[in-house]
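Chain and residue survey
Okay, here's what each chain looks like letter by letter:
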There are 2 protein chains.
Amino acid sequence: MIKIIVDCFGGDKGVPATVGGAKLAIESFDDLEIVLTGDEQTIKDEMKRIGLKDRCTVVHAPDVISCNDKPTDVVRHRPESSMMKAIDMLRAGEADGMVTTGSTGALVAAATMRVGRLKGVSRPTFCPIIPTMNGRIVGVCDSGANVECTPKRLCQFAVMGSIYMKSVFGVKSPRVALLNVGVEEEKGDLLRKTTYQLLKNAEGLNFVGNMESRDLMSGNYDLVVCDGFSGNVLVKSAEGTALLMLKKIKKDISSRMRNKVGALFMKKMFKEEKEFMDYRNYGGSVILGTKKVIIKGHGSSTAVSVAKCIEQAYRMEASDINSQIEAAVAAYVEEKERAEA
Amino acid sequence: MIKIIVDCFGGDKGVPATVGGAKLAIESFDDLEIVLTGDEQTIKDEMKRIGLKDRCTVVHAPDVISCNDKPTDVVRHRPESSMMKAIDMLRAGEADGMVTTGSTGALVAAATMRVGRLKGVSRPTFCPIIPTMNGRIVGVCDSGANVECTPKRLCQFAVMGSIYMKSVFGVKSPRVALLNVGVEEEKGDLLRKTTYQLLKNAEGLNFVGNMESRDLMSGNYDLVVCDGFSGNVLVKSAEGTALLMLKKIKKDISSRMRNKVGALFMKKMFKEEKEFMDYRNYGGSVILGTKKVIIKGHGSSTAVSVAKCIEQAYRMEASDINSQIEAAVAAYVEEKERAEA
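Remember, it's a predicted structure, so these values are computed and weren't measured experimentally.

Here we take up the domain arrangement of chain A. All names here are of chain A. When the domains of chain A are assigned, the result is domain 1 (2–121 + 289–325) and domain 2 (126–241). The C-alpha centroid of domain 2 is placed 26 Å from the C-alpha centroid of domain 1. At the interface, 14 residues of domain 1 touch 10 residues of domain 2. Roughly 1,000 Å² is buried in total at the junction of domain 1 and domain 2, and carbon and sulfur atoms are behind 72% of that figure. Summed over the shared surface of domain 1 and domain 2, the result is 0 salt bridges. Across the contact surface, domain 1 and domain 2 share 3 residue pairs in polar contact (both at pLDDT 80 or more). Only helix 5 (104–115), helix 11 (303–318) and helix 12 (321–340) provide two or more residues apiece to the side of domain 1 that touches domain 2. Along the lines of polarity and charge, the residues of the side of domain 1 that touches domain 2 split into 5 nonpolar, 7 polar and 2 charged.

As structure tokens, then:
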């Protein structure tokens, strides 16, 4: 049995999304067990409403974390929240992984401070999944958990991210790129130049060189490695631009009759474009490097997208990703020591 | 008379764009004089072909810089190139400003090393113009000239960028934002936290707080201040996403008959969306903080966009922007000293 906790509160769509997602996931995997945290009565009512009984338990947590709560305050003073209940259960070894659609900041802080790092991992990294134009995906780590990074940390992100793309998404030999201001080897600041050399010489990594941010969605890369500051800028800029463009097109359509007529023919296409850019369709962001599997779903996740996140957590646990990461990180350190000897 | 040099080579569209742009600009401003650098015969043939004679001179430069040339090599060993001829004329005080569509890297290096900084300016900054959803524009500095920055430098970028948005684009009190990973005051790394406090307390700046990258094109900001690394990631990510999306929509239209029919009604709209995202329509990127006005047009600039760049240079010179920058930078230093006393 694989046991995943679902934090039922903190997302925008409430228990219909989280409990609904749990139901879809339970139906998909026979050896999956789910723990739902949050207000017991609300969760039980929803379970009854949608007919969810098997392999599900509820852990009562009356408090809810919002995006405005200060992460360190959450970790220190909100043990009765649905998120911290889940985190504390992970810490106590009572489950294999968790899924939440609540505050990213609080989650990253709680994961780092409470769940703890895997052996050898210097810092856990936050890795969202972005769609690419060829219908595939690309991972970006770090994307906000570590605004300040060292070359060694970036290399660990590459190692952990590669294993993740392989184990969960079946990418055979993930093409790893370093986010930089140009593709040439000598580009960027000291952090980039040093990291480039480390990545180039790392065994077992398929490092393909620098990537400029404009190529994120090109489909030429499976994993982009960067510090959390520029990774955050990268991901949010791509997401923001795409959403604003779709909004603009929608506005422009309604501004002229002939556009409205044309749009009638293209209704399906526009819906598909919107779906394509909807990050919820690709699964949640993962925190890599912590002792337990932790997935952060989009705040506005629906039941289907929560189910995807649970599936992600399930696959990570099923592939024993954390043992793989510990082994790879240890091998990387050994390799470096050999090289330096 | 205002005298602007146009580097006629190094762009993708050759002399028809650069000499053509010069013609359009000459027709717009009576007190504008233009110097064209590059292969004399080719330029003269084009001038003859399009009927450009008045207020234009040609300076022969047989060599052309490409994007693959190493910036420092260009500055040191390519004095006969059309770009370095222009730079050296600026240095010698033989013109007020220059426009080029050639290599950005070479230009930034040459501008910094040869033309020199304005009094009090710590580092020149590279500032492109991005369209916003409400039909206006936003400047981003720095966007690649300085991959490593200090809080003081970022504040100077804010000062220079504000004057630029005011003088050239008529923005009355430019809303300045600091690029960060969240809008809250305490967000980001040490560089951001320190810069936030400096910007908040700076007199004469309309600092409106942190901006997340997803809001770049929202129309809520007139100038975004950032280090050159994250600025480059920001701008190229927005540009790249928009272009890829338009490409995807185009592909999806041609994949189904009903989409093709619909697109016929919306031909004009799609053309407008493409125009909207075409950075060439908004003018070139400026280097702020050098002793002379320097504009970098998009590599694929057409005659119309080259003319826009010349107009930008003309307006900067006409508003005596460099004296304004020197005065503002000096005032800022005095203010800081007062505050520290």
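Read on, since the account is not over.
Glancing now at the packing of helix 6 (residues 151–169) of chain A against helix 11 of chain A. Residues and elements named next belong to chain A. Where helix 6 meets helix 11, the axes come as close as 9 Å, and the angle between the chain directions of the two elements is 105 degrees. Compared by their axis directions, helix 6 and helix 11 come out roughly perpendicular. Along its contact with helix 6, which presents Y164, V168 and F169, the element helix 11 presents Q312, R315 and M316. Of the residues assigned to the contact of helix 6 with helix 11, the class counts are 4 nonpolar, 1 polar and 1 charged.

Another point: the interface of chain A and chain B. Contacts between the two partners involve 52 residues from chain A, matched on the other side by 52 residues from chain B. Together, the buried faces of chain A and chain B total about 4,800 Å²; carbon and sulfur atoms form 67% of this surface. It is F229, M245 and F265 of chain A that lose the most area in chain A upon contact with chain B, and together they represent 14% of the buried surface on that side. Applying the counting criterion to the chain A and chain B interface returns 8 salt bridges. Here R214 of chain B and E239 of chain A are joined by a salt bridge, their closest N and O atoms 3.8 Å apart. Contributions of two or more residues to the side of chain A that touches chain B are made by helix 7 (190–201), helix 8 (228–255), helix 9 (257–265) and helix 10 (267–277) of chain A. If you tally residues by element for the side of chain A that touches chain B, the top one is helix 8 of chain A, at 20 residues.

Residue and element names in this part refer to chain B. If you walk across this open sheet you meet the 7 strands as 3-2-1-4-12-11-5, and the pairing is mixed. Every interior strand has two partners, whereas the edge strands, strand 3 (56–60) and strand 5 (125–127), have only one. Each adjacent strand pair in this sheet contributes to an overall mean axis angle of 25 degrees, direction not counted. With 3 bridges connecting them, strand 11 (residues 285–288) and strand 12 (residues 293–296) associate as antiparallel partners. Counterpart to I287 in the pairing with strand 12 is I294. Relative to strand 2 (residues 32–38), helix 1 (residues 14–28) is tilted by about 175 degrees, and along the sheet it contacts strand 1 (2–7), strand 2 and strand 3. Most of the contacts of helix 2 (residues 40–50) go to strand 3, to which it runs at about 155 degrees, and overall it touches strand 2 and strand 3.

The transformation that overlays chain A on chain B combines an axial shift of 0.0 Å with a rotation of 180 degrees, and the residual RMSD is 0.1 Å. Both copies are brought into coincidence by an operation consistent with a two-fold rotation axis. Identified as the residue of chain A closest to the rotation axis by C-alpha distance is G262 of chain A, at 2.0 Å. When you check the interface residues of chain A against chain B, 100% turn up at the interface there too, and the contact is symmetric in its surfaces.

Residue and element names in this part refer to chain A. Across the junction of C141 and D142, the peptide omega takes the value 10 degrees, indicating a cis bond. As for its position among the elements, D142 is in the loop between strand 7 (137–141) and helix 6. For R55, which is not glycine, the phi torsion reads 50 degrees and is therefore positive. One can find R55 in the loop between helix 2 (40–50) and strand 3 (56–60). On the basis of relative accessible area, R55 is assigned to the partly exposed category, the value being 28%. Although it is not a glycine, D320 sits at a positive phi angle of roughly 50 degrees. Its place among the elements puts D320 in the loop between helix 11 and helix 12. Residue class for D320 comes out partly exposed when judged on its relative accessible area of 41%.

Conventions and cut-offs
Residues numbered from 1 in each chain as written. Chains lettered and ligands numbered in written order. Predicted model: local features only at pLDDT ≥ 70, side-chain atom pairs only at ≥ 80, totals over all residues. Heavy atoms only, no water. Domains from an automatic or database assignment. Contact = heavy atoms within 4.5 Å. Buried area = accessible area lost by both parts, 1.4 Å probe. Salt bridge = Lys/Arg side-chain N within 4 Å of Asp/Glu carboxyl O. Polar contact = N/O pair within 3.5 Å; in protein donor to acceptor, adjacent residues only side chain to side chain. Helix = DSSP H or I, 4+ residues; strand = E, 2+ residues; numbered from the N terminus. Nonpolar A, V, L, I, M, F, W, Y, C, P; charged D, E, K, R; others polar. Axes fitted to C-alpha atoms, helices over the stretch in contact; angles between N-to-C directions. Parallel < 35°, antiparallel > 145°, perpendicular 65-115°, else oblique. Pairing = 2+ DSSP bridges. Least-squares fit on C-alpha atoms with pLDDT ≥ 70 in both. Buried < 20%, exposed > 50% of the residue type's maximum accessible area, 1.4 Å probe, protein only.

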